[in-house]
Amino acid sequence: MLAGSELADDTPEDWRLEVYFLHPPSAADHAAIAALFDGDPPGMHEEKLPDNDWVTLSQQGLEPIRAGRFYVHSPDHPALADAGAEAGTIDFTIPASQAFGTGHHATTAGCLEMLSAMKAQGVIARNIADIGTGTGLLAFAALALWPRALATASDIDGACLGVVLRNAAANGVAIAAEQAS
């Protein structure tokens, strides 16, 4: 994986390039990186990272969010005791995981807001599709608003099936059928 970022807003010409390998970098890997700089990259150094689940670690400690009628939090957040205290709030526990959809990204929070607005406007959903479900949050939220609806949650990432099943169990969402292919 290759990631680039500016070091500071006031020096847009100064960049950091980070290259991540699943294996120790070979001479060919070094040569490919050097070719990006017409020679030796300035200040290049190697660092072995611990074998961690970096996606999960990057999401730990996220503050709960309130989006529309929904309150979404991790299971270990200190505000858990206050979750759902507001009348009409629908509470979901979504732990940090390898799947997208804790509610913190603007697209997920915006979808939660839209679902709340649709319900407030009297929309009746009978068939729901959450394509690219990630954690299952949007499918769960829609089912909380329209409990008689049928929902399909799908994702191309194989890790999502286990994440959705665990999140469904943790949030009391019934799963009628599962299919992994």
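Enquirer: Before we move on, can you summarise the pairing of strand 4 (residues 70-73) with the specific residues and values?
Expert: Residues Phe70 and Val72 line one face of strand 4 and the alternating positions Tyr71 and His73 line the opposite face, and both faces are buried. Alignment of strand 3 (residues 65-67) against strand 4, held across three bridges, turns out to be antiparallel. Opposite Ala67, over in strand 4, you have Phe70 as the bridge partner. Between strand 3 and strand 4, which pair antiparallel in sequence order, lie two residues; one of them, Gly68, sits at a positive phi of approximately 60°. Of the pairings in the sheet, the one linking strand 4 to strand 5 (residues 90-93) comprises four bridges and is parallel in character.

Enquirer: Which residues make up a nonpolar patch on the surface, and what are the values?
Expert: Together, Leu2, Leu17, Leu36 and Phe37 line one region of the surface with nonpolar side chains, adding up to about 370 Å² of accessible area. With respect to the helices and strands, the residue Phe37 is situated in the loop between helix 1 (27-35) and helix 2 (54-59). Assessed through its relative accessible area of 35%, Phe37 is described here as partly exposed.

Enquirer: Go over the sheet that holds strand 3, please, and point to the residues and values.
Expert: Adjacent strands of a sheet form backbone hydrogen bonds with each other and so pair up, either parallel or antiparallel. Pairing in this open sheet of three strands is mixed, and the strands run 3-4-5 from one edge to the other. Each of the sheet's edge strands pairs with one partner strand only, and the pair in question is strand 3 and strand 5. Mean inter-strand twist for the sheet, computed between neighbouring axes without regard to direction, equals 20°. Together, strand 3 and strand 4 form the strand contacts of helix 3 (residues 106-120), whose direction differs from that of strand 3 by roughly 40°. Across the face of the sheet, helix 4 (residues 137-145) comes into contact with strand 4 and strand 5 while running at roughly 155° to strand 5.

Enquirer: I'd like a rundown of the side chain of Thr135, residues and numbers included.
Expert: One can find Thr135 in the loop between strand 6 (127-131) and helix 4. You can call Thr135 buried: its relative accessible area is 0%. From its side chain, Thr135 meets the backbone nitrogen of Leu137 in a polar contact 3.3 Å long. Those residues in contact with Thr135 that sit more than four places away from it in its chain are Ile94, Ser97, Ala99, Phe100, Gly101, Phe140, Val163, Val164 and Asn167.

Definitions and limits used
Residues numbered from 1 in each chain as written. Predicted model: local features only at pLDDT ≥ 70, side-chain atom pairs only at ≥ 80, totals over all residues. Heavy atoms only, no water. Buried < 20%, exposed > 50% of the residue type's maximum accessible area, 1.4 Å probe, protein only. Helix = DSSP H or I, 4+ residues; strand = E, 2+ residues; numbered from the N terminus. Pairing = 2+ DSSP bridges. Patch = residues over 30% accessible without salt bridge, like charges linked within 9 Å, V, L, I, M, F, W, Y side chains within 5 Å. Areas by Shrake-Rupley, 256 points an atom, 1.4 Å probe, with all protein chains shown as cover. Salt bridge = Lys/Arg side-chain N within 4 Å of Asp/Glu carboxyl O. Axes fitted to C-alpha atoms, helices over the stretch in contact; angles between N-to-C directions. Contact = heavy atoms within 4.5 Å. Polar contact = N/O pair within 3.5 Å; in protein donor to acceptor, adjacent residues only side chain to side chain.

Fair warning: the whole summary comes from geometry, so function is off the table for now.
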